[in-house]
Amino acid sequence: MYLSARRPPPGKRAAHLTAAAATALTGAVTLASGLLPGQPAHPAHAATVESVITVYADRAGGPLKKAGLGTLFGVAATPDTPADLAAGTQRYLSQHQSAQGDASYPTSTEAVAGKMRAAGMKMIGRYNDLMDGWPYQWKGTADWYAKVDSATRGIQAYKDVLLAVAPFNEPDNKLQGGFAQDTSVPGATYDQKFFWLWTQTFRRIRAIEPTVPIMGPNFEHYRGWEPALQERMRGFLANAVATGTVPNMIGWHSLGPSPGDVPESLSRYYRPLENQLGVPGRPLPVVIEEYGPGNGEFEGVPGAMVKHWAEFERYGVDHAAMAIYTNPGLLGNTLRRTASGTLAPNAGWFMMNWYKTLRGDRLDVSRWDTRRYQASDGVASWDAAARTVTLLAGGEDGDVDVVVTGLAARGLTGQVRVRLEAVYWDKEPTDTDSRTERGGDPLTGPYSQFDKTMTVDAAGRLTVPIRTMRRHDGYRVQISPAAPPTAYPGKYEAETASRQHVVVHGGTDGRALASGDAYVGGLDFADSAVTFAVDVPTTGMYLMRVRYANGTGAAASHAVTVNGTAQGTVDYPATDGWANSALSTANKRVVLAAGRNEIRFGRGAGYAELDFIDVRPDTHRYEAELAAVTAARITHYGYNEFPDLVGGIDLAESAVEFTVDAPVAGSYRLTVGYGNGLPGTATHRVLVDGVERATVSYPSTGAWLTGPRQDQVLRRAEVTVPLPAGRHRVRLAKGDGYAELDWLTVTPRPA
Ligand SMILES: [Ca+2]
Ligand SMILES: [Ca+2]
């Protein structure tokens, strides 16, 4: 009833569907993979909220497989991936033998084996990257055999950290340079030649190394519903069976937009084929050696990753690695550099850490949209020791109800403790470029939405509302025996703050949405105010997240003052109702002084209700590649796939212009991540809103960022400029010499 007016208009969700996704779906739609046998597509509850994730607390499978906790080239010697951060999220990683004879290649198996061991992880070693070129340039069987023999001898030093070796990478099309024309390789077709080469390669590995698991074929494309691709897999397996070279693990890549591609291929095509051919050792463990949509808008993004994890758990995939690395060595884009240069976790890391540390048996999960993958999805577990049901979820924009059934069978009846937390994949409100999605800010989670007591109904069912889910963010719901909530550092409830001429709403009218079961409304008058007493250890820029509701249908705001000084407004886009039915989160940067700060929310434009604020140090980087770039080139680091910096700032008119937040007028330190490959010092002119205010100097870094050794090249330059209050344009314009720019941070300087 209360949500009836809030359903998205028809077609809203479909509008997110890309053309590529729509094409891919024609293959996967036949499998209602999110559904469990006997479950209706739309549970009765869906009549009120369109999106429902149902967790069956009484239906446990075996232990969670956590297949999705792997990355391609996620660990590196350079940058120096911290082993403890790797251990916090990763299970198995795909790395590669040294490319093109360069033993110092920073993501090679040789370079990272020690780190793998220290972190208790294992890796898949890819031999194919030993070959020159991309696609690989075939130089004859003698050359390949020499590489295979050498690599197999090489792995003896770190066999203990190998999950498997993958002799080939995408051999359905990547063997180029005359492979198909090589008459010394038997076979009438490319595929037949590859099957023969597989057999020879398998035998050469086994001649040197009798026990290490071998994974194959590692095709780039295996969508079983496409007859040609199924025939290729059949041909591979038939040859392997006939020649006694069946891999110990079967694997392929899944780089389509749909998380349903793997379940479809695995359950409907691969497993039946395996049985049909009588593959020895079946069912073989399954490795999706690269997974994801392959478009750069996935890696590390919590809401995107969890949909794949959910399908891997449902269908028993054993191991998988996120593909299309944005930054090698950064654990699948889940680490970011802080202004001081250290690597710190972003929201993706926290989401993966929730999954890595999730204990207990897998619970069945279903969701309303089993076909288009526009809906949220999740992974759930029952931890018998802690008597806790946990759901990790995410993946859509809008309201989601988590319906948990079967709680009575777990002894969870009557009052239970329910915790809802979120990790935010931050985007600046002004960034419209989707590339932003590749850059989660460091240290952005987790955040508590609520921690409260709720009541399981007589049927053993409980509905946990997630309001205003955002598709990139990740969420964790935990249901456990009743216990008092714990304090969350940095979180301040509006209802317990100092209040003036406002109304506290609490109890049942909170409809279980508000944190602390209460919120503040009636902030409607000139003298209305909510004042939070916030203690911070150091003076600096802080990010304040505000949980609010704005049911006016138009934009609203509150005026913010800190210790009596105006620091602008916090702006509230409309929500689909007031705080008893809708809550969302708005961000506001504030400058705080060491010690006690009085943060006052007063009447602004329109009307809004307040639930709580959460205050943390601001760690945002303004990325150069996302700024306004004039007469320069958006480019990337040597080993990276995607743009991460701006080079070619070479002309008189070349410039990179950032739009930055300055909560109060004052002096701010700008820290710039840069490279300068020439001897001598380069400069940029610093213009604020078009007026030249300073010069920033870039001493030589000895090489360019676009080369392969970013950690050894990137340096930080600092300059102090005055900024007026508000959002302002900071332009770095060419001065002397040449510099490449990666990012900018903004820090208030004490007066
Ligand atoms: Ca509250
Ligand atoms: Ca950058």
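Note that this is a predicted model, so its numbers are computed, not measured.

(A) Molecular detail of the overall build of the chain. The number of helices and strands found in the chain is 10 helices and 42 strands. Relative to its full complement of 751 residues, the chain shows a buried share of 52%. Of the contacts made within the chain by residues no fewer than 6 positions apart, 78% connect residues no fewer than 24 positions apart.

(B) Fine view of the nonpolar core. Counting residues in hydrophobic clusters, the biggest one holds 126 residues, and the most contacted among them are Val-55, Met-123, Val-317, Met-351, Val-402, Val-404 and Ile-479. Counting contributing residues, this core receives three or more from each of domain 1 (4-28 + 35-62 + 358-481) and domain 2 (83-298). Beyond its immediate sequence surroundings of up to four residues, Val-404 is in contact with Val-55, Ala-57, Val-389, Arg-461, Leu-462, Val-464 and Ile-479. If you look at the next biggest cluster of nonpolar residues, it comprises 76 residues, including Ala-494, Leu-523, Leu-543 and Ala-739.

(C) Expanded view of the confidence of the model for the chain. Mean pLDDT for the chain: 88, with 88% of residues reaching 70 or above. Segment residues 1-47 is flagged for pLDDT under 50; beyond a separation of four residues in sequence, or across chains, it makes 69 contacts in the model.

(D) Helix H4 (residues 141-154), seen in detail. Spanning 14 residues, H4 covers 19 Å between terminal C-alpha atoms, matching the ideal 20 Å at 1.5 Å per step. Along H4, the residues classified as buried are Trp-144, Val-148, Ala-151 and Thr-152. Along the axis of H4, the buried residues cluster in a sector spanning 100°; they form a single face. Those residues of H4 that are exposed and aimed more than 90 degrees away from the buried face are Ala-142 and Arg-153.

(E) Region of the structure containing the environment of Gly-564. Within the secondary structure, Gly-564 sits in the loop between strand E27 (556-562) and strand E28 (565-572). The class of Gly-564 is exposed, set by 7 C-beta atoms lying within 10 Å. A sequence separation of 33 residues divides Gly-564 from Asn-597, and the C-alpha atoms of the two residues are 9.6 Å apart.

(F) Structural view of the sheet that holds strand E41 (residues 726-734). Read from one edge to the other, the open sheet built from 5 strands follows the order E33-E36-E41-E38-E39, with strand pairing classed as antiparallel. Both outer strands of the open sheet, strand E33 (628-630) and strand E39 (691-698), are each paired with one neighbouring strand and no more. The mean inter-strand angle of the sheet, taken between neighbouring strand axes irrespective of direction, is 25°.

(G) Summary view of the sheet that holds strand E15 (residues 388-394). Taken in spatial order, the 9 strands make up an open sheet running E18-E17-E20-E15-E14-E13-E1-E16-E19, and their pairing is mixed. What marks the edges here is a single partner per strand, and that holds for strand E18 (447-455) and strand E19 (462-469). This sheet shows a mean twist of 20° between the axes of neighbouring strands, independent of strand direction. Running over the sheet, helix H8 (residues 302-315) touches strand E13 (361-367), strand E14 (377-383), E15, strand E17 (415-423) and strand E20 (474-481) and is turned about 60° from E14.

(H) Molecular detail of the environment of Ser-366. You can see Ser-366 is positioned in strand E13. Note on Ser-366: 24 C-beta atoms within 10 Å, which makes it buried. For the pair Ser-366 and Ala-310, spaced 56 residues apart in sequence, the C-alpha to C-alpha distance is 9.5 Å.

(I) H8, seen in detail. With 14 residues, H8 ought to run about 20 Å at 1.5 Å a step, and its terminal C-alpha atoms sit 20 Å apart, in line with that. Of all 14 residues in H8, 14 are buried, a share of seventy percent or more. Phi turns positive, to about 70°, at Gly-316, one or two residues after H8.

(J) Spotlight on the pairing of strand E42 (residues 740-748). Within E42, 8 of the 9 residues are buried, which leaves it mostly tucked inside the rest of the structure. In this sheet, E42 lies alongside strand E37 (residues 666-675) in antiparallel orientation, the contact comprising 8 bridges. Looking across to E42, one finds that Gly-673 is bridged to Trp-743.

(K) Seen up close, the packing of H4 against helix H5 (residues 190-208). The geometry of H4 relative to H5 is characterised by a closest axis approach of 9 Å and an angle of 35° between their N-to-C directions. Of the two elements, H4 crosses H5, and the hand of that crossing is right-handed. Between H4, through Tyr-145, Val-148, Asp-149, Thr-152 and Arg-153, and H5, the contact on the second element is made entirely by Thr-201, Arg-204, Ile-205 and Ile-208. Split into classes, the residues belonging to the contact of H4 with H5 amount to 4 nonpolar, 2 polar and 3 charged.

Parameters at a glance
Residues numbered from 1 in each chain as written. Chains lettered and ligands numbered in written order. Predicted model: local features only at pLDDT ≥ 70, side-chain atom pairs only at ≥ 80, totals over all residues. Helix = DSSP H or I, 4+ residues; strand = E, 2+ residues; numbered from the N terminus. Buried ≥ 20, exposed ≤ 12 C-beta atoms within 10 Å, placed from the backbone. Contact = placed C-beta atoms within 7 Å. Core = buried A, V, L, I, M, F, W, Y, C linked by C-beta atoms within 7 Å. Domains from an automatic or database assignment. pLDDT = per-residue confidence, 0-100. Expected span 1.5 Å × (residues − 1). Arc of directions from axis to C-beta. Pairing = 2+ DSSP bridges. Axes fitted to C-alpha atoms, helices over the stretch in contact; angles between N-to-C directions. Left-handed = near helix turned anticlockwise from the far one by under 90°. Nonpolar A, V, L, I, M, F, W, Y, C, P; charged D, E, K, R; others polar.

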